[in-house]
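Take a look at the letters that make up each chain.
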Amino acid sequence: MDNFSTQNDDSLPSLNIHASYSSDDGGGGGGGSNRTPKFFDRFYDSSSDDDLCPSSTSAAPSTSDGVENAGRRLDYMIQFLERKLSSPDHDRTRALPEFVGKGGGAGLFKVPARAAVHPGRPPSLEVRPHPLRETQIGCFLRSVVCSESQLWAGHECGVRVWNFADLYGSSSGAGGVVRSGDEETAPFCESVQTSAAICLVVDEATRVVWSGHKDGKVRAWKMDQRLGDDPFTDCLAWQAHRTPVLSLVMTSYVGDLWSGSEGGVIKIWPWESIGKGFSLMMEEMPMAALSVERSFIDLRSQLTVNGVLASDVKYMISDNCRGKVWSAGYQSFALWDARTRELLKVFNVDGQIENRVDISAQDPAFDDEWKTKFVSASKKDKLQASFSFLQRSRNAIMGAADAVRRVAAKGAFGDDSRRTEALVMTIDGMIWTGCTSGLLVQWDGQGNRLQDFHHHCFAVQCFCTFGSRIWIGYVSGTVQVLDLEGNLLGGWVAHDSPVISMTSGAGYVFTLDNYGGIRGWNTTSPGPLDSILRSELAGKEFLYTRLENLKILAATWNVGQGRASHDSLISWLGSAASDAGIIVVGLQEVEMGAGFLAMSAAKETVGLEGSSLGQWWLDMIGRTLDEGSMFERVGSRQLAGLLIAVWVRNNVKAYVGDVDAAAVPCGFGRAIGNKGAVGLRMRVYDRVMCFVNCHFAAHLEAVNRRNADFDHVYRTMIFSRPSNLSNATAAGVSSAVQMLRSTNSVEGTLELSEADMVVFLGDFNYRLDGISYDEARDFVSQRCFDWLKERDQLRAEMEAGNVFQGMREAVIRFPPTYKFERHQAGLAGYDSGEKKRIPAWCDRILYRDSRTASVAECSLECPVVSSVTQYEACMDVTDSDHKPVRCIFSVDIARVDESVRRQEFGEIIRSNKRIRHTLEELCKIPDTIVSTNNIILQNQDTSILRITNKSGKYEALFEIICEGQSTVKDGGLAFDHQPRGSFGFPQWLERIGPHVKVNPASAIIKPNHIGEVAVHHEEFQILEEFVDGNPENSWCEDSRDKEVILIVKIRSKFTTETRDHRIRVRYCFANKRTPIDSKSNSHRQTQGTVLHRSDIQRLSGSSDVVAHLRDMHSSLCSSNDSVQRSIRE
């Protein structure tokens, strides 16, 4: 799905980060004459090295880094010019002539589209280019989250952080050491090693990032700590759960931290305890951690709920608009009050309310104990033990009963296709959930199911919201963008593996794939900026294109259930492996026989493969290739008698990975592996190559069956299973993806057709037509191969476009390889028995690269161009009735230097005038006014705060946060300012809303409209302190007057920058209202009056709005004149 809309868009924060850069010469449509001098100036002017990286002085590269980067660009330019001007290289002049089958280039056999910038998706910022899966075992990234200035990622041994100021920089690794998989990653810092970080949440109020870990610990990491070469450490950590911390959330009411774990456990960590922990000195951290650890509130110990409290708490979100918290498992949801911490509602994925059973409702004795526990502190110690035991027992019983009830209703252990996989809240106050089937469900804030959407058939994995858009990541690697009404704005394949996490910041939506790749997509995508970026990046292709040359040895042999001598293997492989970087070996008929085939089929059904004889062949070939010293086997796959394996030379291994395997049986009802294919897929220099070893139907007359075998293999081969034990961990998720693909297959997307290069090798069993045994022997003895090739069934079928469509084969200059008497040398060894099988070229090697009719030169548009320099049979090997065949490919591969392209991407964003102008226009923050800067509350007052959008063109998005609470002295001065986590609201202040007249319960104000927020005082005078989940102390709230500063943050749809309004809210215990000291407010304020709900004017149309704005403007001007006169007096 590659539909792009042209909506208004932006990535403003990236402009602000690099605001010091000049915008010279950045016209988007400039021709080559305008750009070329600029490139060469950057190579030879030392003062321009700073232009290669962000403007932040802390992120500036060293002189050596700048010289190195400029040198790499110059090398690529020279390489580009040499390709354009020089004659063909030596390998090209030695290339053998080739025969090309008909029918390629269209339909299923169309070469995948490639370009300098991917044609099927918007241009992206490669923060961390896709690392090879094998390099990430034990350190896979699992989640990402953004603060205002940083991108954080949790991985299997800690966390890492990127500063937005460094996003366009060249790779420097962690601590100056570039590790495998991060060679082209943007500069980052890494923490000390911890257990796997499963979830992350950002608290901008305290400048802390919280992480939940597999070992049950919660850790806090300071955003502002000095990040250098040494791993950074946490500032607070404690044992939160006995099982992994699956979810974390911070509430905007009172700033509590909520954590969810297995078995439905939800704990609350009060802000009071966390704040005290942060206030202690470093040497007191162990005591602080112990204090926080014991301060939890265990929600499950207070309520018994069928189902939800027995299932893992996979997801939690904070509804700051309504002061609620959502917790979710796969099949059910719970809705909590963030202020009172009470359970409000439990419901399933259909929106049906689940059975809720309070202890007090079941047994009066329990009701008495419940009340006694919370009212009488003197008796709580004696009652707690028995109460806790009985209550937890009831929890377990009722949870199990509810699970049984659901199983009975559904007939299975839940409906996997309806399982909840992701949860998010949008700016308009709606809740969205994503299911395994790809279904999207919209809920209101009260847990009522509103409507469903279905735009993709694969499982939803994650959500991200930015402005008025919803971004969705799927297990297929696809990303879709929706508006708040659920309309699809665009979609594209963002990654080659599942998108498991998303976050937004610095003008980008960052997506994390299952194997650790991170890409940043402009928040405006899909939109008009995409075409500008694509054009500009494509124009600089020669600066970041790198060419590699690789020799690949492909070899096939039908071994006829025999074993080979060491000399035979040397003759076949050893003599040709000297220059090869990759060696692919395919064997047929390793083992046959009815008993073995039946056992092999049974093993395949339970995920087992291989045999002792197959292992013998792998070991023998490994010795021949000097495995361990020169080569390393990276993958293998056996299906009955078929075996394929790949060895990679040690100096190439760093560029080869993501190895997956596949098998397709074609014998006996497409179920037995006596005929069929096995394949290996791998990434080589970031290009996908597939090698397929085949054994097709035998006998002279079975041409159509052989054609059908190929068609079946090509259409159904799916790479999923790990190709060896060391890769099993890395490939585990791939199997889950393929299982989903098998049930939700997308028509027209075949995995072999998506590869940049495909090599088929094996015993294809095509014979010679219209010729007798004696005639064939005579032509072979005279080496008249051209006449024999005219009788070749495979050549005839390829010419007709019936098989191997679009594939290439080098000219055959060796005798037919079938059928021979064993251990008889020379051409006299052809079958002379009773059957006298006609000699034939059964054993073949064919391939397809990236060339098309229009493009044949190696480039990013045609990234893999191959030629055959050697294609021959080893006629001196006599261990089988087939002769082994080998083929040497010389492969040119064009790849992207992502580090260089990332810097070019940043330069385009900073300097291109069209982009800057578009972003500046889209990111204008609407002008707004608020009805008052001061509010006084008393005795459960409710005051209305109006926010007016004066812009006639742009929508205004707003949110309200609390800077913290102060105590008011008798004279009216505020002191003892205490900020709270997550800009949390104090318990006495309740924000009802926001309410917008034209769209209730929304945080978007349309042009020339007014939004309302009700600010309400709530009696909440009893405070409790918990120890080990039990209330230990309770006291009355401080009776002194309180004051908070509310910040109304206004922004546009496409930027994170805000324009802020400061509102002072004071709560008075006394009967008289304490005057507000204007001097205590550091910001200039306009004095106003409290507007109660009865004062709200209902505006029927735009004329009313304009009139209201004029009246308000006049009132404000008069008020301002009065203030100025008072000041002068």
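Residues numbered from 1 in each chain as written. Predicted model: local features only at pLDDT ≥ 70, side-chain atom pairs only at ≥ 80, totals over all residues. Heavy atoms only, no water.

A. Here's a closer look at the overall build of the protein. What the protein contains, in helices and strands, is 22 helices and 54 strands. Relative to its full complement of 1129 residues, the protein shows a buried share of 58%. For the protein, the share of sequence-separated contacts (at least 6 apart) that also reach a separation of at least 24 residues comes to 67%. Split by element, the accessible area of the protein, about 44600 Å² in all, is 50% carbon and sulfur. (Helix = DSSP H or I, 4+ residues; strand = E, 2+ residues; numbered from the N terminus. Buried < 20%, exposed > 50% of the residue type's maximum accessible area, 1.4 Å probe, protein only. Contact = heavy atoms within 4.5 Å. Areas by Shrake-Rupley, 256 points an atom, 1.4 Å probe, with all protein chains shown as cover.)

B. Looking closely at helix α10 (residues 528-539). Taking 1.5 Å per residue as the helical rise, α10 with its 12 residues ought to reach 16 Å, and the 18 Å between its terminal C-alpha atoms agrees with that figure. In the core, the buried residues of α10 are packed alongside β29 (518-522), α11 (541-544), α20 (898-911) and α21 (913-922). (Expected span 1.5 Å × (residues − 1).)

C. How the structure looks around the sheet that holds strand β7 (residues 197-203). With antiparallel pairing, the 4 strands of this open sheet are ordered in space as β7-β8-β9-β10. Lying at the two open borders of the sheet, with one neighbouring strand each, are β7 and β10 (236-239). Geometrically, the sheet is characterised by an average inter-axis angle of 15 degrees between neighbouring strands, direction not taken into account. Bridge count for strand β8 (residues 208-213) against strand β9 (residues 217-222) is 5 bridges, and the pairing is antiparallel. Its bridge partner being in β9, Ser211 is matched across the sheet by Arg219. (Pairing = 2+ DSSP bridges. Axes fitted to C-alpha atoms, helices over the stretch in contact; angles between N-to-C directions.)

D. Fine view of the pattern of salt bridges. Within the structure shown, the criterion is met by 47 salt bridges. With its nearest N and O atoms 3.8 Å apart, the salt bridge here joins Arg851 to Glu98. Placement of the pair is Arg851 in the loop between β40 (843-848) and β41 (864-873) and Glu98 in strand β1 (residues 98-100), with a sequence separation of 753 residues. In this structure Arg851 comes out as buried when scored by relative accessible area, which is 19%. Between Glu872 and Arg886 there is a salt bridge, with its nearest N and O atoms 2.6 Å apart. Of this pair, Glu872 sits in strand β41 while Arg886 sits in strand β42 (residues 885-896), and the two are 14 residues apart along the sequence. Residue Arg886 is classed as buried on the basis of its relative accessible area, which comes to 10%. Among the ionic contacts, a cluster of salt bridges with common partners joins Glu98, Arg808, Asp849 and Arg851. (Salt bridge = Lys/Arg side-chain N within 4 Å of Asp/Glu carboxyl O.)

E. Geometry of the side chain of Thr928. With respect to the element layout, Thr928 can be found in strand β43 (residues 928-930). Not counting the four nearest positions on each side in its chain, Thr928 is found in contact with Thr948, Asn949, Lys950, Ala956, Ile1050 and His1061.

F. A look at helix α13 (residues 594-605). With 12 residues, α13 extends 17 Å from end C-alpha to end C-alpha; this agrees with the ideal 16 Å at 1.5 Å per step. Taken together, the buried residues of α13 touch β32 (631-639) and β35 (672-684). Just beyond α13, the residue with positive phi is Gly607, at close to 80 degrees.

G. The sheet that holds strand β5 (residues 158-163), seen in detail. With antiparallel pairing, 4 strands are arranged side by side in an open sheet as β3-β4-β5-β6. The open sheet is flanked by β3 (141-146) and β6 (189-190), the only strands paired with a single partner. Bridging between β3 and strand β4 (residues 150-155) involves 5 bridges; their strand directions are antiparallel. Bridging from a neighbouring strand, Val145 pairs with Trp152 of β4.

H. View of the side chain of Asn707. For Asn707, the position within the fold is in helix α15 (residues 703-716). The buried category is assigned to Asn707, whose relative accessible area is 9%. If near-sequence neighbours (up to four positions away) are discounted, Asn707 is found in contact with Tyr766, Glu797, Asn802 and Val803.

I. The arrangement of the pairing of β35 in detail. Where burial is concerned, most of β35 is hidden: 13 out of the 13 residues are buried. When strand β34 (residues 656-667) meets β35, the two strands line up antiparallel, connected through 9 bridges. Bridge pairing in β35 links Val664 to Ala677. Linking β34 to β35, which pair antiparallel, is a turn of 4 residues; within it Phe668 sits at a positive phi near 45 degrees. Across 9 bridges, the pairing between β35 and strand β36 (residues 687-695) is antiparallel. Paired with Val684 across the bridge in β36 is Arg687. Hairpin connection from β35 to β36: 2 residues lie between these consecutive antiparallel strands, with Tyr685 at a positive phi of about 50 degrees.

J. Up close: the confidence of the model for the protein. Overall, the predicted model of the protein reaches an average pLDDT of 79, with 73% of residues at or above 70. In the model, residues 357-387 has pLDDT below 50 throughout and makes 32 contacts with residues more than four positions away in sequence or in other chains. Low pLDDT, under 50, characterises residues 1078-1106; the stretch is placed with 48 contacts to residues that sit more than four places away or in other chains. (pLDDT = per-residue confidence, 0-100.)

K. Spotlight on the nonpolar core. Judged by nonpolar contacts, the single largest core of 54 residues is most densely connected at Tyr871 and Phe889. Considering every element that reaches this core, the biggest residue donor is β42, with 5 residues. For Phe889, the residues in contact, after removing those within four places along its chain, are Leu550, Lys551, Ile552, Ala554, Met757, Val759, Ile845, Tyr847, Ser866, Ser867 and Val868. Formed by 40 residues, the second largest nonpolar core is a distinct cluster that contains Val144, Ala153, Val855 and Phe905. (Core = buried A, V, L, I, M, F, W, Y, C linked by side-chain atoms within 4.5 Å.)

L. Expanded view of the packing of aromatic side chains. What the rule picks out here adds up to 39 aromatic pairs. Aromatic side chains Trp221 and Phe232 sit 5.7 Å apart centroid to centroid with 90 degrees between the ring planes, which places their arrangement in the edge-to-face category. Taken together, the positions of Trp221 in strand β9 and Phe232 in the loop between β9 and β10 put the pair 11 residues apart, joining distant regions of the chain. The exposure classification of Trp221 matches that of Phe232, with both residues buried. Ring centres of Phe779 and Trp787 lie 4.3 Å apart, and the angle between their planes is 15 degrees; on these two criteria the pair is classed as stacked. Here Trp787 falls in the partly exposed class, since its relative accessible area comes to 28%. Three or more aromatic residues joined by ring pairs form one cluster here, namely Phe109, Phe696, Phe710, Tyr714, Phe760, Phe764 and Phe804. Lying over the aromatic face of Phe820, Lys883 brings its terminal NZ or CZ to 4.5 Å of the ring centre. The cationic tip of Arg1051 hangs over the ring face of Phe466; the distance from NZ or CZ to the ring centre is 5.6 Å. (Phe/Tyr/Trp six-rings, centres within 6.5 Å; stacked < 30°, edge-to-face > 60°. Lys NZ or Arg CZ within 6 Å of the ring centre and 35° of its normal.)

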